[in-house]
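# Secondary and tertiary structure notes
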Amino acid sequence: MDNAHFLMELAAESRGVPDIGDKNLTVIHEKLWSFLSKLTLSYTGEGSSSVRVETAKSLLESACFLIGLGLEAEGKERSLAKNLAGENYEKLFQKGFNVVNARVEAGKALLQKAEETALNVNNTAYTGTVGELRKFFARYNTYYFAHEIPCMIDYPLALPVDEKLLGIEYIQEYLSRFVLETAFCRLFNAGAVRRLVKRVCPDDGLISIYESVVSHAVALTLIKGDILSLDMTAGVCRSVQSTLGEQEAPERWHAAVDTLTQLLAFDDDAEAYLKKTAETSFAHLRHAAKLGRLEALLPAEQGTPAIRTVQRRYIDNKPMDNDKLRALMDQITDCHAPAEKVALTLENVGSLRDLFEILNICLWGEESTALFEALDETGLKLLSQRLKAVQKKHPDWHSESGWEENFEAYMKRLTPDLEN
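## Digging into unusual backbone geometry
Positive phi values are uncommon outside glycine, yet aspartate 204 reaches one of about 60°. With respect to the element layout, aspartate 204 can be found in the loop between α7 (190-200) and α8 (209-222). For leucine 230, which is not glycine, the phi dihedral falls at a positive 60°. When you line up the elements, leucine 230 lands in the loop between α8 and α9 (234-244).

Here's what the structure looks like:
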């Protein structure tokens, strides 16, 4: 906080502080040292005013922090610091101490909410930080070392807290942002968030889960993908990369952010936080796209590459009986991850008729694209021929899922000879 840091500057400087004057500075020094002496006696149990230099420095920093809070409680800002020579430091210290205690109680309420709503993810920094925040309140000394943060916070927020904030002020702001970020992530399926964390950070390193969820959600909104699933296929990543390379990419990204906020109905604080994070995400994603490394930030489902080992078993023109096909379609519909849906389809479907049925009803959005990517050249050609035959016989035909539009767009991205 400005007042706390300014008081420390006054304590450190001997002369020449602007707008203070040498005479006032001398009085301020004398009052600070006198107060520090009393605080040290209290700290040592009235036994001695002699402590280690490091301890004396910490006591002084804490005193400045609390006196600064006392100044703010009285509505006095840094611009009035030149009048500090006439202030009652004991009174300001007590007011600051009361402010800190009130903020500790508010912070404990935030901690309880953070614990109750914490994401169920396999990320040591995230889960460990929740435990460390609990330790803060057990260790925090509001009287002698109120400026300190006696815990280890490893988890990176999307928008870091100002490091000038001290003690409970820093923790309270960190917890507020942590709770806000968690609330946003909880709008998505818990399994989807766990899979995202595993894809983006398989080695359990440092990751801003919120920023990664925002990047995926806005990117999927950008290309009209399945937002709530947060699933990313190689095809989706290519579509995002292509869009980010366009001249109007910034405008389209901002429009996607606006669409996402309308869909998820944020309050003003959450919306402002999202938009700031999305600005950073856009810069990171566009830079990665230019370097051809977008998949490092938007990695595809881990199960997708394994699907390709099944693809050449596909298409023998033997349709299933209706009961078996319906049972398979129910099983595919119950799956959440596109990779699982595609794997079930390729392992069980052997005819174009059955494939059409599943594409029509079970595979939506980029799920169908994931299937196309898993088909070999023969499968793609047969599917293309079948689609053209259906469209020729029934010019007004459209599937329920709209997969044919995804297929035509996918085929256009491939070589012309494959399309024919």
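Structure's up, so let's keep going.
## Examining the environment of glycine 292
Mapped onto the elements of the fold, glycine 292 is located in the loop between α11 (268-290) and α12 (303-307). For the pair formed by glycine 292 and arginine 238, sequence separation is 54 residues and the distance between their alpha carbons is 10.0 Å.

## Side note on the confidence of the model for the protein chain
Here the protein chain averages 83 in pLDDT, while 86% of its residues score no lower than 70. Across residues 303-316, confidence stays below pLDDT 50; counting only partners more than four residues off in sequence or on other chains, it has 28 contacts. The low-confidence segment residues 416-420, where pLDDT is below 50, has ten contacts with residues more than four positions distant or belonging to other chains.

## Notes on helix α13 (residues 322-334)
Between its first and last C-alpha atoms α13 spans 18 Å; for 13 residues at 1.5 Å apiece the expected length is 18 Å, and the two agree. Where α13 is concerned, the buried positions are Leu325, Leu328, Met329 and Ile332. All buried residues of α13 fall inside an arc of 100° around its axis, so they share one side. Residues of α13 that are exposed and point more than 90 degrees away from the buried face comprise Asp323, Asp330 and Asp334. Next to the buried residues of α13 lie α14 (338-348) and α15 (352-361). Near the N-terminus of α13, the side chain that reaches the backbone nitrogen of aspartate 323, with its oxygen 3.2 Å away, is that of aspartate 321.

## As for the pattern of salt bridges
The full count for this structure, using the stated rule, is 18 salt bridges. Among the salt bridges present, the one from arginine 177 reaches glutamate 173, with a minimum N-O distance of 2.8 Å. Remark: glutamate 173 and arginine 177 occur in helix α6 (residues 167-185); sequence separation between them is four residues, near one turn of the helix. The partner of arginine 326 in a salt bridge is aspartate 323, with the nearest N and O atoms 2.4 Å apart. A residue pair is termed a helical-turn pair when its members lie 3 or 4 positions apart in one helix, as arginine 326 and aspartate 323 do in helix α13 at three residues. Using a relative accessible area of 46% as the deciding quantity, one classes arginine 326 as partly exposed. Several salt bridges converge on common partners, so that one network encompasses Glu74, Lys91 and Lys95.

## Describing the packing of α9 against helix α16 (residues 366-374)
Two elements in contact, α9 and α16, have axes whose closest approach is 8 Å; the angle formed by their N-to-C orientations is 110°. Considering their axes alone, α9 and α16 lie roughly perpendicular with respect to each other. Contact with α9, carried on its side by Ala234, Gly235, Val236 and Arg238, involves Glu366, Thr369 and Glu373 of α16 and no other residues of that element. Partitioning the contact of α9 with α16 into residue classes produces two nonpolar, two polar and three charged.

## A word on the environment of arginine 238
Summarising the element assignment, arginine 238 is placed in helix α9. Residue classification places arginine 238 among the partly exposed positions, given a relative accessible area of 41%. The contacts of arginine 238, once residues within four sequence positions are left out, are Glu373 and Tyr410. A polar atom in the side chain of arginine 238 sits 3.0 Å from the side chain of glutamate 373.

## Quick word on empty space enclosed by the protein
Inspection of the entire model under this criterion finds four cavities of 30 Å³ or more. Computed from the structure, the largest cavity encloses a volume of approximately 70 Å³. Around the largest cavity, the lining residues are Leu220, Asp226, Ser229, Asp231, Met232, Thr233, Val236, Pro338, Trp364, Glu366 and Glu367. Here the lining of the largest cavity is composed, by residue class, of five nonpolar, two polar and four charged. Volume-wise, the second largest cavity comes out at about 40 Å³. With four residues, α6 is the single largest residue contributor to the lining of the second largest cavity. The residue makeup of the lining of the second largest cavity, split by class, is six nonpolar, one polar and one charged.

## A closer look at the nonpolar core
Counting residues in each nonpolar core, the largest one holds 91 residues, and the members touching the most others are Ile171, Phe184, Phe188, Ile209 and Trp253. When near neighbours in sequence (up to four residues on either side) are disregarded, isoleucine 209 contacts Leu119, Val121, Tyr126, Tyr155, Cys185, Val193 and Val197.

## Quick look at the packing of aromatic side chains
In this description, an aromatic ring pair is defined by two values, namely the gap between the centres and the angle between the planes. Here the structure, examined in full by the defined rule, presents 24 aromatic pairs. Relative to tyrosine 144, the ring of tyrosine 43 lies with its centre 5.3 Å away and its plane at 70°, an arrangement referred to as edge-to-face. Within this pair, whereas tyrosine 43 is found in helix α2 (residues 22-43), its partner tyrosine 144 is found in the loop between α5 (124-139) and α6, the two being separated by 101 residues in sequence. Since its relative accessible area comes to 35%, tyrosine 43 is described here as partly exposed. Taking 6.4 Å as the distance between ring centres and 70° as the angle between the ring planes, the aromatic pair formed by tryptophan 397 and tryptophan 403 counts as edge-to-face. A residue is classified by how much of its surface remains accessible, and tryptophan 403, at 0% relative accessible area, is buried.

## Thoughts on α16
Across the nine residues of α16, nine count as buried, placing the element largely inside the fold. For α16, the full list of buried residues reads Glu366, Glu367, Ser368, Thr369, Ala370, Leu371, Phe372, Glu373 and Ala374.

## Remarks on the side chain of threonine 55
Within the secondary structure, threonine 55 is located in helix α3 (residues 53-73). The class for threonine 55 is buried, based on a relative accessible area of 19%. Contacts of threonine 55, omitting those with residues within four sequence positions, involve Tyr43 and Phe145.

Cut-off values and rules
Residues numbered from 1 in each chain as written. Predicted model: local features only at pLDDT ≥ 70, side-chain atom pairs only at ≥ 80, totals over all residues. Heavy atoms only, no water. Helix = DSSP H or I, 4+ residues; strand = E, 2+ residues; numbered from the N terminus. pLDDT = per-residue confidence, 0-100. Contact = heavy atoms within 4.5 Å. Expected span 1.5 Å × (residues − 1). Buried < 20%, exposed > 50% of the residue type's maximum accessible area, 1.4 Å probe, protein only. Arc of directions from axis to C-beta. Polar contact = N/O pair within 3.5 Å; in protein donor to acceptor, adjacent residues only side chain to side chain. Salt bridge = Lys/Arg side-chain N within 4 Å of Asp/Glu carboxyl O. Axes fitted to C-alpha atoms, helices over the stretch in contact; angles between N-to-C directions. Parallel < 35°, antiparallel > 145°, perpendicular 65-115°, else oblique. Nonpolar A, V, L, I, M, F, W, Y, C, P; charged D, E, K, R; others polar. 1 Å grid on protein atoms, 1.4 Å probe; cavity = no way out; pocket = protein on both sides within 12 Å on 5 of 7 lines; lining within 4 Å. Points joined across faces, edges and corners; volume = space filled by probe spheres on them. Core = buried A, V, L, I, M, F, W, Y, C linked by side-chain atoms within 4.5 Å. Phe/Tyr/Trp six-rings, centres within 6.5 Å; stacked < 30°, edge-to-face > 60°.

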